[in-house]
Amino acid sequence: MNRFEYADSRFMRNEVYVRRDMVVRLYDGDAKTNFENGELILTSHRILWGKPGDISRGNTCLSLSLQYIVFFEEECSGPFAFGRSKKIILHLCEPVPDKMPGPADNSLYNYVKLSFKEGLDSNFITQLSDTIMRCMWEFAPTTGINDPNIHNNQENAKLLPRIKTRTGIIGIERSLQEKQKETDESISLAFQDLTKLMDMAKDMVAISKTISAKIRARQGDITEDETVRFKAYLMSLGIDDPVTRDAYKSSNEYFEQLAKQLAYILEEPIKEVGGMMTLTDVYCRVNRARGLELLSPEDLLHASRQLAPLGLPIVLRSFDSGVMVLQIHSHDDNAVVDRISELLQEKGFMTAEDLAQSEGISVLLARERLLVTEKYGKACRDDSIEALRFYPNLFLEEMSNE
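Residues numbered from 1 in each chain as written. Predicted model: local features only at pLDDT ≥ 70, side-chain atom pairs only at ≥ 80, totals over all residues. Heavy atoms only, no water.

1. What about the overall build of the protein?
Looking only at helices and strands, the protein features 13 helices and 15 strands. Counting across all 402 residues of the protein, residues that qualify as buried make up 39%. Here the contacts in the protein between residues at least 6 apart in sequence split such that 61% fall between residues at least 24 apart. In the structure as shown, the protein presents an accessible area of about 23,800 Å², 52% of it carried by carbon and sulfur atoms. (Helix = DSSP H or I, 4+ residues; strand = E, 2+ residues; numbered from the N terminus. Buried < 20%, exposed > 50% of the residue type's maximum accessible area, 1.4 Å probe, protein only. Contact = heavy atoms within 4.5 Å. Areas by Shrake-Rupley, 256 points an atom, 1.4 Å probe, with all protein chains shown as cover.)

Now the structure itself:
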């Protein structure tokens, strides 16, 4: 605890706020202290600790310069540690001789612990590591914490590289569990279509055996119902007769027939997703249905350009941003703009992610619809470092009131 100083909780010049944590207790090494249930503030230069409300009121608090931290780690929990609060161990270099007064003049330990009674936020480790690695006190020093003696102590102790981040065995296990979870989710998504295909194949094989048995037994004609079901299962496995370039003498004829097939297989799916589908989604859906007869991106684009001239129910559209979609011919931008205007009035503001979740569409399409609404003058944007948000156009309301 002899590295902590009593300091003004107001931020100094060049100091930047990073995060806040509540109900934090300080340990001097392994020994508990009376500094418990406090508020901890991490800045670009210091760790501040004080009683709840003291820091916000500018009262005196405890301050630990980040320059003292040699490395930090998460404390490994023992077999009987169930229910105990999570702790971060900060290993520190020796204090400078002219350090400002603090809660202790001497200490038996070269480390302190931060105990988080309400649980340790995983982002704390990441943000603390990033803040220390940036070394903002070297590039933007503040009064009182840029003492060169600290650098001398670290060099004499041969602690370069000066900052190391360790999370202990628990951190490694947690990282492995997260990676395993991500892998499991990816595998599950990858095999969803295969599972459906296998289920359909089982039904198709069963019907095939029934048909073969009736033929062998000469029990008469196959019923119409079985014929329809058999064809349905075949169609569900993909396009039964995909258009290929080899079947046509000219490229124009090939692209026209391919465009007709695209309109036939995509009209209903596009209606189901709101009347519009990105060309990348179209590419994936079509090739999944074609099986081994894969379609190139160039052929898909050329065929899509033939949709409008042929008067087919879906057409190719390019937004101002360059995003290409296939949309229903009867798609009405005014209806979409009115719908999004209503949502903006209801929600107050929306991001592309908010609209995508609300309407069940991709984030890319959601962003384009918000931009179209803005283009029609019924939305205003706020582009900040947090996100691109869209708000209702209040100027329209004022004009209507006049």
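2. A few points about the sheet that holds strand 12 (residues 314-318)
As summarised here, the arrangement of the three strands in space is 11-13-12, forming an open sheet in which the pairing is antiparallel. A single partner strand is all that each edge strand has here, and the edge strands are strand 11 (276-278) and strand 12. Between one strand and the next, the sheet's axes are offset by a mean angle of 30 degrees, whatever the strand orientation. Strand direction decides the pairing type here: strand 11 and strand 13 (residues 324-328), joined by three bridges, are antiparallel. Note on strand 13: the bridge partner recorded for M276 is Q327. Helix-sheet contacts for helix 8 (residues 279-290) involve strand 11, strand 12 and strand 13, and the interaxial angle to strand 11 is about 80 degrees. (Pairing = 2+ DSSP bridges. Axes fitted to C-alpha atoms, helices over the stretch in contact; angles between N-to-C directions.)

3. Quick notes on helix 8
Here helix 8 spans 16 Å end to end across 12 residues, near enough to the 16 Å set by a 1.5 Å rise per residue. Within the sequence span of helix 8, burial applies to L279, V282, V286, N287 and R290. One side of helix 8 carries all its buried residues, which in axial view fall inside an arc of 115 degrees. Of the residues in helix 8, the exposed ones pointing more than 90 degrees away from the buried face are T280, C284 and R288. In this structure, the buried side of helix 8 is in contact with helix 7 (251-272), strand 11, helix 9 (297-304), strand 12 and strand 13. (Expected span 1.5 Å × (residues − 1). Arc of directions from axis to C-beta.)

4. Some remarks on the packing of aromatic side chains
Where two aromatic rings form a pair, the distance of their centres and the angle of their planes describe that pair. Within the structure shown, the criterion is met by five aromatic pairs. Centroid distance F35 to W49: 5.5 Å. Interplanar angle 80 degrees. Geometry classified as edge-to-face. Pair noted here: F35 is in the loop between strand 3 (31-32) and strand 4 (38-43) and W49 is in strand 5 (residues 46-50), with a separation of 14 residues, a long-range link. (Phe/Tyr/Trp six-rings, centres within 6.5 Å; stacked < 30°, edge-to-face > 60°.)

5. So, the nonpolar core
Judged by nonpolar contacts, the single largest core of 32 residues is most densely connected at I47, I88, L90, L114, F124 and L128. Taken together, the elements giving at least two residues each to this core come down to strand 2 (17-28), strand 4, strand 5, strand 6 (60-65), strand 7 (69-74), strand 8 (86-92), strand 9 (111-116) and helix 1 (122-134). What L90 contacts, discounting residues up to four positions off in sequence, is I47, L64, I69, F71, F72, N110, Y111, V112, L114 and L128. By size, the runner-up hydrophobic cluster in this structure holds 22 residues, among which are I340, A352, I361 and L365. (Core = buried A, V, L, I, M, F, W, Y, C linked by side-chain atoms within 4.5 Å.)

6. Observations concerning the confidence of the model for the protein
Put simply, the protein has an average pLDDT of 77, and 72% of its residues get 70 or more. Below a pLDDT of 50 lies the segment residues 144-165, which in the model reaches 43 contacts outside its immediate sequence neighbourhood of four places, other chains included. (pLDDT = per-residue confidence, 0-100.)

7. Points about unusual backbone geometry
Located in the positive-phi region is N14, a residue other than glycine, with phi close to 75 degrees. Mapped onto the secondary structure, N14 falls in the loop between strand 1 (5-8) and strand 2. Positive phi, normally seen in glycine, also occurs at C135, with a value near 55 degrees. Mapped onto the elements of the fold, C135 is located in the loop between helix 1 and helix 2 (136-139). Judged by its relative accessible area of 11%, C135 falls in the buried class.

8. Concerning the pairing of strand 9
Among the six residues in strand 9, six count as buried, and that is most of the element. Side chains of strand 9 alternate between two faces, with Y111, K113 and S115 and V112, L114 and F116 buried alike. Note that strand 2 and strand 9 share five bridges and pair antiparallel. Looking at the pairing, Y27 lines up with K113 of strand 9. Alignment of strand 8 against strand 9, held across six bridges, turns out to be antiparallel. Among the inter-strand pairings, H91 is bridged to a residue of strand 9, identified as Y111.

9. Topic: the packing of helix 10 (residues 333-347) against helix 12 (residues 363-375)
If you want to describe how two helices pack, look at the angle between their axes and the distance between the axes. Where helix 10 meets helix 12, the axes come as close as 9 Å, and the angle between the chain directions of the two elements is 95 degrees. Viewed along their axes, helix 10 and helix 12 adopt a mutual orientation that is roughly perpendicular. Where helix 10 approaches helix 12, its residues D333, V336, V337, I340 and S341 are matched on the opposing element by R369, L370, V372 and T373. (Parallel < 35°, antiparallel > 145°, perpendicular 65-115°, else oblique.)

10. Regarding the side chain of T373
Locating T373 in the fold gives a position in helix 12. Classification of T373 as buried rests on a relative accessible area of 0%. Setting aside residues up to four positions removed in sequence, T373 forms contacts with V337, I340, S341, K378 and A379.

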